[in-house]
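Residue-level structure breakdown
The primary structure of each chain is shown beneath.
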Amino acid sequence: MSIVNAKEIMMDAAANGYAVGAFNITDLVQFEAVIDAAVEKKTPVIVQTSVKPSRFLGTDMMVAIFRTLASSAPIPVCLHLDHCTDVDYCKKCADSGYTNIMIDASKQTYAENIRQTKEVVDYCHSLGNISVEGELGTVSGVEDQIKVADDEAQLANPQQSIEFVRSTGIDIFAPAIGTAHGVYKTKNPKIDFERMATIHKMLNGNGIKTPLVVHGGTGLPEEYIKKLLAAGGAKLNVSTELKHTLIDATYNYISGHHDEYDPGKIDVAVRDAIRVAVMHWIDLLGCAGKA
Ligand code: 13P
């Protein structure tokens, strides 16, 4: 077993042209499914919780599940707090044992984004082996994807990205490049691959090895994923697809077995469906066999 932070598994990904899958979960069954898929594919994996499920189960419960599952899995596993806008909650999750914290102050002014992000970085680094993800620019909800993708001002500026990474000391960086959370409304969402590649090159050219994160994985076409990996993406986040998988698997099971009243069988159906979906992503990201 190994409990790891996100940076340590992403460094190898960044150096070797693949990405580590980062999968959002809300409960134990999905957590198990993600770990099972990663073990089967022999890949390092990042399990993510957004703030709502983390508050619902409680940070100690989430971390207890993480430690229990990770300790019997022969792969590196990271527990990541996703898009947290509250500095105090970031610190609470770090105290409890999350191993990667995302402080998302991207909606604040640039100066305030730096201030809050740096506060979380300093705190997490003082605790030890916890890495921190920061975001610059707007990763939109899908409703706004085209608007954001068309508006340079909402995407991460390459020069500012270098300054942001330097001043905050973040370990991994999510620049806004036009990807969006949710289901894309068009088959060809507008993504600024060039911008991603430029940021990657400029960081490296300045001796900064901070790996890059891609948000908004659900619905991205396969060729886009290849381009994003080639442009430096070393972590790719998938959330919405797994929520749909959970709800569809539950609905389908109950529809076919509505006289059964056996919750354990619903859990098995959900776990299997999520495991299959995650294994597909692992293949797309090229991380199979990297554990
Ligand atoms: P999707 O919900 O579009 O897969 O995005 C996930 C994500 O980026 C979580 O941070």
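Throughout, a residue's number is its position along its own chain's written sequence, starting from 1. At least 70 in pLDDT is required for a residue's local features to be given in this predicted model, at least 80 for side-chain atom pairs to be given and counted, and no such filter applies to totals for whole chains, interfaces and linings, which use all residues. The side-chain values count all of the structure's non-hydrogen atoms but skip hydrogen atoms and water molecules.

Going by the annotation in an unreviewed UniProt entry, the name recorded for the chain is Tagatose-bisphosphate aldolase, with Candidatus Wirthbacteria bacterium CG2_30_54_11 given as the source organism.

What follows deals with the site of the ligand. Near the ligand, the surroundings consist of 14 residues, among which Asp82, Gly216, Thr218, Ser239 and Thr240 are the closest. Between an oxygen atom of the ligand and a side-chain N or O atom of histidine 181, the distance comes to 3.1 Å. In this structure, glycine 182 approaches the ligand through a main-chain N or O atom, which is 3.0 Å from an oxygen atom. Shrake-Rupley sampling with a 1.4 Å probe provides the accessible areas, and residues are treated as covered by the protein chains on show and by no other component. Protein contact buries 97% of the 310 Å² of open area that the ligand shows by itself. When each cavity is represented as a set of grid points, the ligand is found to reside in the largest pocket. By definition, any uninterrupted DSSP run of H or I lasting at least four residues is a helix, any uninterrupted run of E lasting at least two residues is a strand, and each is numbered from the N terminus. Those elements giving two or more residues to the shell around the ligand turn out to be β4 (76–84), β9 (180–181) and β11 (233–238). Each residue is assigned to one of three groups, with Ala, Val, Leu, Ile, Met, Phe, Trp, Tyr, Cys and Pro labelled nonpolar, Asp, Glu, Lys and Arg labelled charged, and all others, Gly among them, labelled polar. Tallied by class, the residues present in the shell around the ligand amount to 2 nonpolar, 11 polar and 1 charged. Any residue with a non-hydrogen atom lying within 4 Å of a molecule or strand is treated as near it. Each polar contact in these results corresponds to two N or O atoms within 3.5 Å; when the atoms are within protein, one needs to be able to donate a hydrogen and the other to accept it, and residues that are neighboring in sequence are counted only if both atoms are side-chain atoms. We place a 1 Å grid over just the protein atoms. Points where a 1.4 Å probe fits but has no way out form a cavity, open points with protein on both sides within 12 Å along at least 5 of 7 lines form a pocket, and any residue with an atom within 4 Å of a point lines it. Pocket or cavity membership: a molecule qualifies when more than half of its atoms sit within 2 Å of the grid points of that site.

Two measures describe an aromatic ring pair: the distance that separates the ring centres and the angle between the ring planes. Side-chain rings of Phe, Tyr and Trp, where Trp is taken by its six-membered ring, are said to pair if the distance between their centres is within 6.5 Å; with planes under 30 degrees apart they count as stacked, over 60 as edge-to-face, and otherwise as tilted. Overall, the coordinates contain 2 aromatic pairs when judged by the stated rule. Look at phenylalanine 164 and phenylalanine 173: their rings are 5.8 Å apart centre to centre, the planes differ by 40 degrees, and that puts the pair in the tilted class. Whether a residue is buried, partly exposed or exposed follows from its accessible area with a 1.4 Å probe, protein chains only, as a fraction of its type maximum: under 20%, in between, or over 50%, in that order. Judged by relative accessible area, which is 0%, phenylalanine 173 ranks as buried. Measuring from ring centre to ring centre gives 5.2 Å for phenylalanine 193 and tyrosine 224, while their planes differ by 85 degrees; the resulting arrangement is edge-to-face. Pair noted here: phenylalanine 193 is in helix α9 (residues 193–205) and tyrosine 224 is in helix α10 (residues 222–230), with a separation of 31 residues, a long-range link. In this structure phenylalanine 193 comes out as buried when scored by relative accessible area, which is 16%. Above the plane of the ring of tyrosine 89 lies arginine 55, whose end atom (NZ or CZ) is 4.1 Å from the centre. Definition used: whenever NZ (Lys) or CZ (Arg) falls within 6 Å of the ring centre and also within 35 degrees of the ring normal, the charge is taken to sit over that ring.

This part takes up helix α2 (residues 28–41). Expected helix span is given by 1.5 Å per residue-to-residue step, counting one fewer step than there are residues. With 14 residues, α2 extends 20 Å from end C-alpha to end C-alpha; this agrees with the ideal 20 Å at 1.5 Å per step. For α2, the full list of buried residues reads Val29, Gln30, Phe31, Ala33, Val34, Ile35, Ala37 and Ala38. Of the residues that open α2, the one with a side-chain oxygen 3.2 Å from the backbone nitrogen of valine 29 is aspartate 27. One or two positions beyond α2, positive phi appears at lysine 42, with a value near 50 degrees.

UniProt positions are given in the numbering used here, feature names are shortened, and annotations may be inferred rather than shown by experiment. Following the UniProt record, one finds the feature "binding site: Zn(2+) 1" (unreviewed entry) at His83, His181 and His215. Annotated residues spanning 133 residues; largest pairwise C-alpha distance 11.4 Å, indicating a single compact cluster. As for the largest pocket, its lining draws on His83, His181 and His215 from among the annotated residues. Note on placement: histidine 83 falls in strand β4. Setting aside residues up to four positions removed in sequence, histidine 83 forms contacts with Val51, Met102, Asp104, Glu135, His181 and His215. A polar side-chain atom of histidine 83 sits 2.8 Å from a polar atom in the side chain of aspartate 104. Of note, histidine 181 is situated in strand β9. In what follows, a contact means two residues having at least one pair of non-hydrogen atoms within 4.5 Å. Ignoring anything within four residues of it in the chain, the contact list for histidine 181 reads His83, Val139, Ser140, Gly141, Val142, His215 and Gly216. Side-chain polar atoms of histidine 181 contact the side chain of histidine 83, separated by 3.1 Å.

The next subject is the pattern of salt bridges. Should a side-chain nitrogen of Lys or Arg be within 4 Å of a carboxyl oxygen of Asp or Glu, the pair is scored as a salt bridge. Overall, the coordinates contain 13 salt bridges when judged by the stated rule. One salt bridge in this structure joins lysine 91 and glutamate 119, with 2.8 Å as the shortest N-O distance. Taken together, the positions of lysine 91 in helix α5 (residues 87–96) and glutamate 119 in helix α6 (residues 110–127) put the pair 28 residues apart, joining distant regions of the chain. Put simply, glutamate 222 and lysine 226 hold a salt bridge, and the shortest N to O gap is 3.8 Å. Residue glutamate 222 and its partner lysine 226 are both found in helix α10; the two are separated by 4 residues, about one turn of the helix. The class of glutamate 222 is partly exposed, set by a relative accessible area of 45%. On the basis of relative accessibility, which here comes to 54%, the residue lysine 226 falls in the exposed class. Each of the salt bridges in this network shares a partner with another, and the network as a whole consists of Lys91, Glu112, Arg115 and Glu119.

Here we come to the packing of α2 against helix α4 (residues 59–71). To obtain each axis, a line is fitted to C-alpha atoms, and for helices this fit is confined to the stretch in contact; angles are then taken between N-to-C directions over 0 to 180 degrees. Two elements in contact, α2 and α4, have axes separated by 11 Å at closest approach and are oriented at 30 degrees. Viewed along their axes, α2 and α4 adopt a mutual orientation that is roughly parallel. The element α2 and its partner α4 pack so that their crossing is right-handed. Residues Leu28, Phe31, Glu32 and Ile35 of α2 lie in contact with α4, whose contacting residues are Met62, Ile65, Phe66 and Leu69. Here the residues of the contact of α2 with α4 are counted per class, giving 7 nonpolar, no polar and 1 charged. Oblique is the label for any angle not under 35 degrees, not over 145, and not in the 65 to 115 range, which are roughly parallel, roughly antiparallel and roughly perpendicular in turn. Left-handed describes a crossing in which the near helix is turned anticlockwise from the far one by less than a right angle; the clockwise case is right-handed.

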